[in-house]
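Inside the fold
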Amino acid sequence: MAVIIDKALCTGCALCARECPNQAIMMKDKKAVILENCSSCGICTRVCSKGAAMKMADINEGAVKCTSCPVQCEVPAGFVGACQRYRNEGGQLIRNRQLVTDTAPGGPLITAVGAGTNYPCCKPAPYIVQDTVDGVEMVTVVTEAPLSYSGVKVKIDTNLHIGEEGAKVKRNGKVVGMVDMEEYGSKMLTIGGANLLTGKDGFIVARTVVEIANSERVTLKVDDNVLELQVGFPPIINGVEDRKMRVGCGSATIGMFAARLKEAADEVIILDYHIVGLLSEHMAGEAVGLNWSGVTPNARRSTRGRYFGEHGHGWGGTDIEDPKDAIKSIDMSLAKAGMTILVTETTGRMAALFEIQNDGSVKEIPMTTEAQDAVDTIRDTSENARVSALYVGGTGGSARAGVAVNPARVTQAVHDGDAVLTIGGAKTFVLPGGGINFMVDVEKVVPKAFTWVPTPATVAPVEYTMPLDKYQKIGGHIDAIKKRSEIINQPE
Ligand code: SF4
Ligand code: SF4
């Protein structure tokens with residue numbers, strides 16, 4: 001065994017077994033035991049605080065050392081390395097996923113999915129292919145690049161409370177990211193980043209980024225909130241699958257539907273974690289002929305008819321769990337007994353109608369047809385709740401050196417629009433300024449295209465496409481170019 005366990009030091013905590021990417025450790029009699037599929041990636045030796053897992057100098061018989069990344073796994077015969085990309089078949093390491101060559105018109109000539117990595121980066125990229133497109137000689141350069149500056153931005157379209165901006169996001173008790181700036185109805189998470197990837201829990205960070213980017217379900221925690229997230233599906237927050245997301249805050253809802261709401265009740269409170277709206281006081285209420293009713297909602301006043309809501313697990317993502325509590329006070333010098341107050345949310349998911357009594361208290365009454373119609377209108381204009389994600393990364397000098405000898409020229413070509421960067425066949429948004437920092441919608445990328453290596457870094461399929469003359473101009477590896485037809489017709 002190239003990795004061994006010192007049983008005297010092993011306390012049976014099983015941390016190594018949880019972190020092993022190959023499931024190559026079993027626990028027996030409260031001691032770790034290394035199995036035959038261990039690829040000597042060294043993760044267990046790095047996570048074991050007792051020093052019980054040790055890497056030995058000898059290499060197992062039949063194992064092949066992989067040189068496609070600095071980890072240098074010793075891949076046993078018939079098994080894969082830590083990144084799950086390379087398999088030892090009869091003493092040869094092969095990329096165990098076929099190169100994906102199908103691409104959309106206007107995209108790269110081939111994708112980098114299945115291409116593998118040439119390491120160290122002074123070598124040309126694994127595939128540099130040429131073909132004629134609309135009479136122009138084009139080149140696509142591809143590599144599966146390990147990116148240590150990488151992560152995912154997760155967009156959760158939900159009205160449910162997930163935690164405050166800046167809060168830590170954890171997985172199995174380890175910090176993997178943070179709650180980012182809320183973007184209108186959407187809650188944002190940033191998972192990954194260079195600091196966390198290089199931190200002591202970098203392996204779980206890399207795994208989490210890749211699982212989200214590959215549209216797998218992950219369970220995360222923000223404070224006491226449990227988030228079950230899968231790209232393309234509604235989020236499940238604290239066991240509740242959210243279905244609808246608001247199109248606007250409480251003030252916007254009043255603005256959009258004032259005329260309709262005026263018919264629904266004498267006063268309307270729209271509960272929302274950002275802005276709670278009060279119809280009669282709002283400028284939209286005035287525009288449809290209303291004067292302030294004397295009702296004050298239970299929220300902090302901002303401006304006319306607009307109040308700041310508090311985050312919570314109640315109606316509209318506020319801390320109000322009983323709709324009656326949405327009414328803070330009623331000025332009976334303005335209000336009259338018999339007046340009605342409709343309380344609902346910005347998604348119209350829940351609603352309640354109240355009637356003002358002689359003593360200024362309120363009593364819940366059945367919803368009228370007009371009130372229900374108004375609530376249905378709000379609900380029907382809501383959007384679907386869902387999870388989306390952008391993979392974000394920076395392709396550093398090493399990832400660019402496989403494209404051309406001078407990586408800065410690759411950067412310039414991308415910023416000048418001479419070269420187009422795609423990830424797994426999908427268009428990217430390249431951030432302005434220096435370097436090549438990009439974002440890509442993971443749902444547009446070839447499925448299951450992302451992997452990770454235990455440096456740790458995530459691995460993205462990176463493609464640069466440009467006319468042949470531009471490729472020559474930036475000092476590309478011209479001698480390494482192959483015709484696309486040769487690649488496509490290559491035997492598996
Ligand atoms: S060296 Fe890597 S593959 Fe082998 S047991 Fe440890 S973590 Fe698993
Ligand atoms: S993790 Fe690195 S060394 Fe191990 S198999 Fe993958 S590319 Fe090779």
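Above this text is the structure in question.
My aim in this report is to walk through the structure given alongside it, one point at a time. (Residues numbered from 1 in each chain as written. Chains lettered and ligands numbered in written order. Predicted model: local features only at pLDDT ≥ 70, side-chain atom pairs only at ≥ 80, totals over all residues. Heavy atoms only, no water.)

Thoughts on the overall build of the protein
The line we're drawing: Secondary structure counts use DSSP, requiring at least four H or I residues in a row for a helix and at least two E residues in a row for a strand, with both numbered from the N terminus. Here the term buried applies to any residue with accessible area under 20% of the maximum for its type, exposed to any over 50%, and partly exposed to those in between, with areas from a 1.4 Å probe on protein chains only. Contacts were defined at the residue level, with two residues in contact if any of their heavy atoms lie within 4.5 Å. Each accessible area is a Shrake-Rupley result for a 1.4 Å probe, and residues are judged covered by the shown protein chains and nothing else. Counted as positive: Lys and Arg. Counted as negative: Asp and Glu, with His and the chain ends omitted from the count. The atom standing in for a charge is NZ when the residue is Lys, CZ when it is Arg, CG when it is Asp and CD when it is Glu.
Each helix and strand counted, the protein has eleven helices and 37 strands in total. The principal-axis extent of the C-alpha atoms belonging to the protein is close to 90 × 70 × 35 Å. The buried share among the 492 residues of the protein stands at 52%. Counting contacts in the protein only where the partners sit at least 6 residues apart, residues at least 24 apart contribute 63% of the total. For the protein, the accessible area works out to roughly 21800 Å², and carbon and sulfur atoms hold 51% of it. Placing the 51 positive and 57 negative side-chain charges of the protein at their respective mean positions leaves the two points 6 Å apart.

Observations regarding the site of ligand 1
To keep it simple, the criterion reads: Throughout this document, a residue counts as near a molecule or strand when at least one of its heavy atoms sits within 4 Å of that molecule or strand. In this classification, Asp, Glu, Lys and Arg are treated as charged, Ala, Val, Leu, Ile, Met, Phe, Trp, Tyr, Cys and Pro as nonpolar, and every other residue, Gly included, as polar.
Around ligand 1, a shell composed of 13 residues is seen, among which Cys 20, Cys 38, Cys 41, Gly 42 and Cys 44 lie nearest. Its residues assigned to classes, the shell around ligand 1 shows nine nonpolar, four polar and no charged.

Quick word on the nonpolar core
Applicable threshold: Among buried residues, the Ala, Val, Leu, Ile, Met, Phe, Trp, Tyr and Cys ones that are joined through side-chain atoms within 4.5 Å form a nonpolar core.
Counting residues in each nonpolar core, the largest one holds 92 residues, and the members touching the most others are Val 154, Leu 189, Ile 191, Tyr 391, Phe 450, Tyr 464 and Tyr 471. If one sorts the elements of this core by residue count, helix 4 (residues 202–213) sits on top with eight residues. Core analysis: the next-biggest nonpolar cluster, separate from the first, contains 20 residues, Val 276, Ala 326, Met 339 and Ile 356 among them.

Some details on the packing of aromatic side chains
Quick reminder of the rule: Ring geometry is summarised as follows: Phe, Tyr and Trp rings, the Trp one being its six-membered ring, pair when their centres sit within 6.5 Å, and such pairs are stacked at plane angles under 30 degrees, edge-to-face over 60 and tilted between the two. The criterion for a charge sitting over a ring is simple: Lys NZ or Arg CZ within 6 Å of the ring centre, and within 35 degrees of the ring normal.
With the rule as written, the count across this model stands at two aromatic pairs. Every member of this aromatic cluster is reached through a ring pair, and the members are Tyr 391, Phe 438 and Phe 450. Just above the ring of Tyr 273 sits the side chain of Lys 187; from NZ or CZ to the centre is 4.2 Å.

Examining helix 5 (residues 250–264)
Note the threshold: For a helix, the expected span equals 1.5 Å multiplied by the residue count minus one. At any given residue, the bend is defined as the angle formed between two axes, one fitted to the seven residues that end at that position and one fitted to the seven that begin there.
End to end, helix 5 covers just 16 Å across 15 residues, shorter than the expected 21 Å (1.5 Å per residue, more than 12% under). The largest bend in helix 5 is about 85°, located at Ala 258. Taken together, the buried positions of helix 5 are Gly 250, Ser 251, Thr 253, Ile 254, Phe 257, Ala 258, Leu 261 and Ala 264. On its buried side, helix 5 packs onto strand 20 (267–271), strand 21 (275–278), helix 6 (283–287), strand 24 (306–308), strand 26 (340–345) and helix 7 (369–380).

Overview of a negative patch on the surface
Under the convention used in this document: Patch rule: a residue counts if its relative accessible area is over 30% and it has no salt bridge; like charges are joined within 9 Å, and nonpolar side chains (Val, Leu, Ile, Met, Phe, Trp, Tyr) within 5 Å. We define a salt bridge as a contact between a side-chain nitrogen of Lys or Arg and a carboxyl oxygen of Asp or Glu at a distance within 4 Å.
The grouping of Glu 164, Glu 165, Asp 223 and Asp 224 at the surface amounts to a negative patch. Tracing the chain through its elements places Glu 165 in the loop between strand 11 (150–157) and strand 12 (168–171).

As for unusual backbone geometry
For the peptide bond that leads from Thr 455 to Pro 456, omega is -5°, which places it in the cis range. Position of Pro 456 among the secondary structure elements: in the loop between strand 35 (451–453) and strand 36 (457–467). Notably, Ala 14 is not glycine yet its phi reads approximately 70°, a positive angle. By secondary structure assignment, the location of Ala 14 is in the loop between strand 1 (3–5) and helix 1 (15–19). The class of Ala 14 is buried, set by a relative accessible area of 18%. One non-glycine residue, Gln 84, adopts positive backbone phi at about 70°.

A word on the pattern of salt bridges
For the coordinates displayed, the defined rule picks out 18 salt bridges. With a shortest N-O distance of 2.8 Å, Asp 180 and Lys 153 are connected by a salt bridge. Note that Asp 180 is positioned in the loop between strand 13 (174–179) and strand 14 (186–192) and Lys 153 in strand 11, a separation of 27 residues in sequence. Across the pair Lys 155 and Asp 157 runs a salt bridge, and its minimum N-O distance is 2.9 Å. Here Lys 155 falls in the partly exposed class, since its relative accessible area comes to 33%.

As for the side chain of Gln 230
So the rule is basically this: Residues adjacent in sequence count toward polar contacts only when both atoms are side-chain atoms; beyond that, a polar contact is any pair of N or O atoms within 3.5 Å, and within protein one must be able to donate a hydrogen and the other to accept it.
Along the polypeptide, Gln 230 turns up in the loop between strand 16 (225–229) and strand 17 (236–237). Take Gln 230: its relative accessible area is 17%, and that puts it in the buried class. A polar contact of 3.2 Å, which involves the side chain of Gln 230, links it to the side chain of Arg 217.

Focus: the sheet that holds strand 20
Convention followed: At least two DSSP bridges between two strands are needed for those strands to be called paired. For helices, the fitted line uses only the C-alpha atoms of the stretch in contact; every axis is such a line through C-alpha atoms, and the angle between N-to-C directions lies from 0 to 180 degrees.
What the seven strands build is an open sheet, ordered 23-24-21-20-26-27-28; its pairing is mixed. Either end of the sheet is taken by a strand with one partner, and the two such strands are strand 23 (300–303) and strand 28 (362–365). Geometrically, the sheet is characterised by an average inter-axis angle of 30° between neighbouring strands, direction not taken into account. As judged from the five bridges shared by strand 20 and strand 26, these two strands associate in the parallel manner.

Section: the pairing of strand 21
Here strand 21 shows a buried face lined by Ile 275 and Gly 277 and a second buried face lined by Val 276 and Leu 278. Direction of pairing for strand 20 relative to strand 21: antiparallel, over a ladder of two bridges. Counted as the bridge partner of Ile 270 is Gly 277 from strand 21.

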